[in-house]
Amino acid sequence: MVLALTVCGIVVALVVVGLFLFGLRRRLIQRSGGTFDCSLRWDVTEKPDASGKGWSYGVARYNGDRIEWYRVFSYAFRPRRTLERAQIEVAGRRLPEGEEELALLSDAVVLACTHRGTRLELAMSEDALTGFLAWLEAAPPGQRVNVA
């Protein structure tokens, strides 16, 4: 009986520590500012997939001429993906379709892009989308920016 209570106590303590570390990591990512909630689907086909598969929920952070994308459900302090402003080409935008609406945040807008030849989709709020497009268009003189 004592062993069972000890094991349960250890499991509860590990869960609490794990949740604390998730929160601490997110706080450290957001500390420098310029972050927004952003789901990402990497290496997609030309035809939009309404099944909702492949989406990963994350947090994106502006860092100079790059956007660093972090998975929410990860303990890694390094970004999972880094997108350079000069390499991002926006192909279009759309609203989530079908089961995709369940996989994304309620007010999300899907932005179809290419980055170094790889097709990807970013889903973010309308406000975050406005900021993202403004950031893309604010490239230093001499850099090409492709916004559809």
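Scoring rules and cut-offs
- Residues numbered from 1 in each chain as written.
- Predicted model: local features only at pLDDT ≥ 70, side-chain atom pairs only at ≥ 80, totals over all residues.
- Heavy atoms only, no water.
- Core = buried A, V, L, I, M, F, W, Y, C linked by side-chain atoms within 4.5 Å.
- Buried < 20%, exposed > 50% of the residue type's maximum accessible area, 1.4 Å probe, protein only.
- Helix = DSSP H or I, 4+ residues; strand = E, 2+ residues; numbered from the N terminus.
- Salt bridge = Lys/Arg side-chain N within 4 Å of Asp/Glu carboxyl O.
- Pairing = 2+ DSSP bridges.

Asks: I tried to follow the nonpolar core on my own but got confused; where do I start?
Replies: Generally speaking, a soluble globular protein has its nonpolar side chains buried in company with each other. In this structure, Phe36, Leu122, Met124 and Phe132 are the most contacted members of the largest nonpolar core, which totals 21 residues. Residue assignment for this core shows that the elements contributing at least two residues are strand E4 (66-71), strand E6 (88-94), strand E7 (108-115), strand E8 (118-125) and helix H3 (126-137). Ranked by the residues each element gives to this core, the list is headed by H3, at six residues.

Asks: Just checking my understanding: could you explain the pattern of salt bridges for this structure?
Replies: A pair can form between side chains of opposite charge whenever their charged atoms are brought close. Tallied over the entire structure, the rule returns nine salt bridges. The salt bridge involving Glu68 is made with Arg66; its shortest N-O contact spans 3.5 Å. For Glu68, a relative accessible area of 8% puts it in the buried group. The shortest N-O distance in the salt bridge between Glu84 and Arg116 comes to 3.3 Å. Note that Glu84 is positioned in strand E5 (residues 81-84) and Arg116 in the loop between E7 and E8, a separation of 32 residues in sequence.

Asks: What should I look at first to understand the pairing of E4 in this one?
Replies: Remark: a regular strand shows side chains that alternate across the two faces of the sheet. Two strands pair when backbone bridges link them, and strand E3 (residues 58-63) and E4 are joined in this way by six bridges, in the antiparallel orientation. In the sheet register, Gly58 faces E4, and the bridge partner there is Arg71. A loop of two residues connects E3 with E4, the two strands running antiparallel in sequence, and Gly64 in this loop sits at a positive phi of about 65°. Bridge count for E4 against E5 is four bridges, and the pairing is antiparallel. Bridging from a neighbouring strand, Arg66 pairs with Glu84 of E5.

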